[in-house]
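Structural overview for review
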Amino acid sequence: MSTMLTNTQHLAPAAQSSSRRNTPAVKIDGVSKAFGDTTALHEAWLTVEKGEFLTLLGPSGCGKTTILNLIAGFLESDRGEIFIDGVPITDEPAYRRDVGIVFQNYALFPHMTVAKNVGYGLKMRGVPKAEIAQRVREALELVKLPGYGDRKPRELSGGQQQRVALARALVIRPKVLLLDEPFSALDKNLRSAMQVELKQIQRRLGVSTVFVTHDQSEALSMSDRIAVMSAGMIRQIGSPTEIYRQPTDRFVASFVGDTNVFQAERRSPSTVSVGGVTVGVRSTDVYDPTAEPVADLFVRPEDLAVADAGTPGTLAGRVTAKVYQGGYTDLYMETPFAEGSVMARLNGQDAVARWPDGANVGLVLPASAGVAFSASRDAG
Amino acid sequence: MNRSPLDWALRLAVVAVVAFLVLPAVVVVIAGFNDRAILTFPPQAFSLKWFERALTYDDFRHGFRNGLIVMLWASSIALTVGAAFAYALHRYDFALKHVLESVLMSSLIIPHFTIGLGLLMLASQMGFGRTFAVVVFCHVVIVLPFVIRSVYISLQNLDQRLELAAASLGAPPWKVLVTIVLPLLAPGLISGWLFAAILSFNEFTGSLFVTSQATQTLPVAMYNYVREYADPTLAALSAIYIVITATLLTVANFYLGLGKVLNVDHAH
């Protein structure tokens, strides 16, 4: 372990030991970007703390890649200012920003060996040859590809190419590491393995990271914080738990994780009622008291319970389908109090046998596990 | 294995097409070895004397030298100018882009004699006469579309993210050009240059108008020769021509093939 530590010392970001310890790694102040008539990014405000792993999550075209390109310097913003390590870099070209980037297709230089690829950034910085060789060796050890230096990128598998791309981005000790959907080209098993490994490396080096993905489970499992985006706007920034449990925005509630939407009526700032059943809601701050009395109650499938039909305090429903998942069962139901079907995620083996298709059931809403939003039909 | 009649018919068609394309060349090459001073086929006796004459005849030697000079200048200028245009057309959107594209490609449609005649009139108006500069210019115009096409295709195969990656690693634009773009475009540039060189060296129609006795290229010299003599010298020269061009094309193809390998960065 001690050799591992000495090996990675060289890779630790230099800025970490500087006096600006509390300065955010990246600060985005009211940045906007439009392409012609299309607004790609609308007044984004965002900070990435030192050593933080921040994910930009959203569907394609939501503006997440635009933010990445703006930080990297591949695009110029129309308005606003971007700081890296406290220094405004809006007018700096990409090659003077000290940013490491890993692309979805890795973008390895096909005419160079692995070692030359990894050493490219050091060569551009005028690092002496002997030191380049040393640091390239360390970087390749870090990504578990020692001895691969003489190969060409095309001789490597997709996962190996990604490790090389990561080593190439990290070896320059970037002030911030940018990851543009780096896992989407990998098959599922390799993807999970690489996710764990990347997260370990990121922790060990303490490198501030901005990760772009449209995959919500990837975002939930890897991030310190997540910024959920749609239509060029950052909808919510928070820890994975906050994003999942306390969404402050309709879009966030429906985009991240599975959810059920019940038609509810406002009772008080912290309670709503569905079909005569009154329940508490977790996120009261999102609830606009001046709005119409109708509201939408968002309930996670694992918070929904099922009881026998007619049980007092339950909502009438009927089972339409069951999906057995091994560890749990997804029970699909229809109820007059929700648009579309409702799904409960039930643990235990008896759920399959207990609720046959077509059975009438009573839906049990959680006492205070839902979030409510003013019922606007222009959702999303 | 059983072959259906259709299969046989297809094979026959392929053989016929190949024969149709190759036979004239074969006939001419064999005629070049004729012992007698007339162009006949098949020859009665064989000799290498027409090859000797082809290689020692003064007009041909000058024409070869002139053609080489024009070829080197024209293909090099066309490569430089064409690569710049191809890059601009590929990477930037600007007003009148389609107009520029059409103008650059126009020599594919406009007959070469029109280009030659036009340049001849223009050059004499401007007092250039029939100098090498005019011949080179004429050839640049004629080969430019091929160079642009060749470089453009290479640019399409060049992933722009490679340049972005290089920039993010600290490479200023000129270093990105030297260390990433040019090495990866090299196969396209080399094959574009070779293609231009071959076209320029073989070009006749346009050259006929803009060359003089002093600047005539080999094809023009050959044309002037055949108007006076009908011996197998030209057949011998054709054979030499074919060998040289085939060699250059093989080299070009080697680089094109190599280009495909170099431009593919997915190993799986």
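Everything in this summary refers to the structure shown in the same document. (Residues numbered from 1 in each chain as written. Chains lettered and ligands numbered in written order. Predicted model: local features only at pLDDT ≥ 70, side-chain atom pairs only at ≥ 80, totals over all residues. Heavy atoms only, no water.)

1. As for the overall build of chain B
The number of helices and strands found in chain B is 11 helices and zero strands. In sequence order, the secondary structure elements of chain B are arranged as α-α-α-α-α-α-α-α-α-α-α. Oriented by its inertia axes, the alpha-carbon framework of chain B measures out at about 70 × 70 × 30 Å. Each of the 268 residues in chain B was classed as buried or not, and the buried ones make up 39%. Intrachain contacts of chain B at a sequence separation of at least 6 include 69% that bridge at least 24 residues. (Helix = DSSP H or I, 4+ residues; strand = E, 2+ residues; numbered from the N terminus. Buried < 20%, exposed > 50% of the residue type's maximum accessible area, 1.4 Å probe, protein only. Contact = heavy atoms within 4.5 Å.)

2. As for the side chain of A:Thr55
Residue and element names in this part refer to chain A. Looking at the element boundaries, Thr 55 is found in strand β3 (residues 53-57). Owing to a relative accessible area of 0%, Thr 55 belongs among the buried residues under this scheme. Polar side-chain contacts of Thr 55 include one of 2.5 Å to the side chain of Ser 223. When residues no more than four places from it in sequence are discounted, the contact partners of Thr 55 are Phe 211, Thr 213, Ala 219, Ser 223, Arg 225, Ile 226 and Ala 227. (Polar contact = N/O pair within 3.5 Å; in protein donor to acceptor, adjacent residues only side chain to side chain.)

3. Remarks on the sheet that holds strand β19 (residues 360-364) of chain A
Residue and element names in this part refer to chain A. Read from one edge of the open sheet, five strands run β15-β19-β16-β17-β18, paired in antiparallel fashion. Two strands in the sheet have a free side with no partner beyond their single neighbour: β15 (305-308) and β18 (342-347). The average undirected angle you get between the axes of adjacent strands in this sheet is 50°. Where β15 lies against β19, four bridges are found, and the strand directions are antiparallel. Bridge pairing in β19 places Asp 308 opposite Val 361. (Pairing = 2+ DSSP bridges. Axes fitted to C-alpha atoms, helices over the stretch in contact; angles between N-to-C directions.)

4. Regarding the sheet that holds strand β1 (residues 26-35) of chain A
Hydrogen bonds between backbone groups are what pair the strands of a sheet, and the pairing can be parallel or antiparallel. All names here are of chain A. What the four strands build is an open sheet, ordered β2-β1-β4-β5; its pairing is antiparallel. Of all the strands in the sheet, the pair left with one neighbour each is β2 (38-48) and β5 (87-88). Here β1 pairs with β2 via seven bridges, running antiparallel. Within β2, the position partnered with Lys 33 by the bridge is Leu 41. Packed on one face of the sheet, helix α2 (residues 64-72) meets β1, β2 and β4 (79-84) and runs near 115° to β1.

5. Here's the deal with the pattern of salt bridges
In the structure shown here, the tally under the stated rule is 22 salt bridges over all chains. Members of the salt-bridge network, linked through shared partners, are A:Asp98, A:Arg125 and A:Lys175. (Salt bridge = Lys/Arg side-chain N within 4 Å of Asp/Glu carboxyl O.)

6. What about the packing of aromatic side chains?
Tallying each qualifying case throughout the model produces 16 aromatic pairs over all chains. Taken together, a centroid distance of 6.2 Å and an interplanar angle of 15° make the contact between A:Phe74 and A:Phe103 stacked. Here A:Phe74, found in the loop between α2 and β4, pairs with A:Phe103, found in the loop between β6 (99-102) and α3 (114-124); they are 29 residues apart in sequence, far enough to count as distant. Residues A:Phe251 and A:Phe255 carry aromatic rings whose centres are separated by 5.2 Å and whose planes lie at 15° to one another, so their mutual orientation is stacked. With A:Phe251 and A:Phe255 both in helix α9 (residues 250-255) and four residues apart, this pair spans about one turn of that helix. Put simply, the rings of B:Tyr57, B:Phe60, B:Tyr225 and B:Tyr229 touch in pairs and so form one group of aromatic residues. (Phe/Tyr/Trp six-rings, centres within 6.5 Å; stacked < 30°, edge-to-face > 60°.)

7. What to know about the interface of chain A and chain B
In this assembly, 25 residues from chain A lie in contact with 25 residues from chain B. Overall, the association of chain A and chain B removes approximately 2300 Å² of surface from exposure, summing both partners, and the carbon and sulfur fraction of that is 68%. Per-residue buried area on chain A facing chain B is highest for A:Tyr95, A:Met124 and A:Arg154; these three make up 25% of the total on that side. Seen at the junction of chain A and chain B, the total is zero salt bridges. Across the contact surface, chain A and chain B share four residue pairs in polar contact (both at pLDDT 80 or more). At the level of secondary structure, the elements contributing two or more residues to the side of chain A that touches chain B comprise β6, α3 and α5 (158-170) of chain A. Looking at the side of chain A that touches chain B residue by residue, the class counts come to 16 nonpolar, five polar and four charged. (Buried area = accessible area lost by both parts, 1.4 Å probe. Nonpolar A, V, L, I, M, F, W, Y, C, P; charged D, E, K, R; others polar.)

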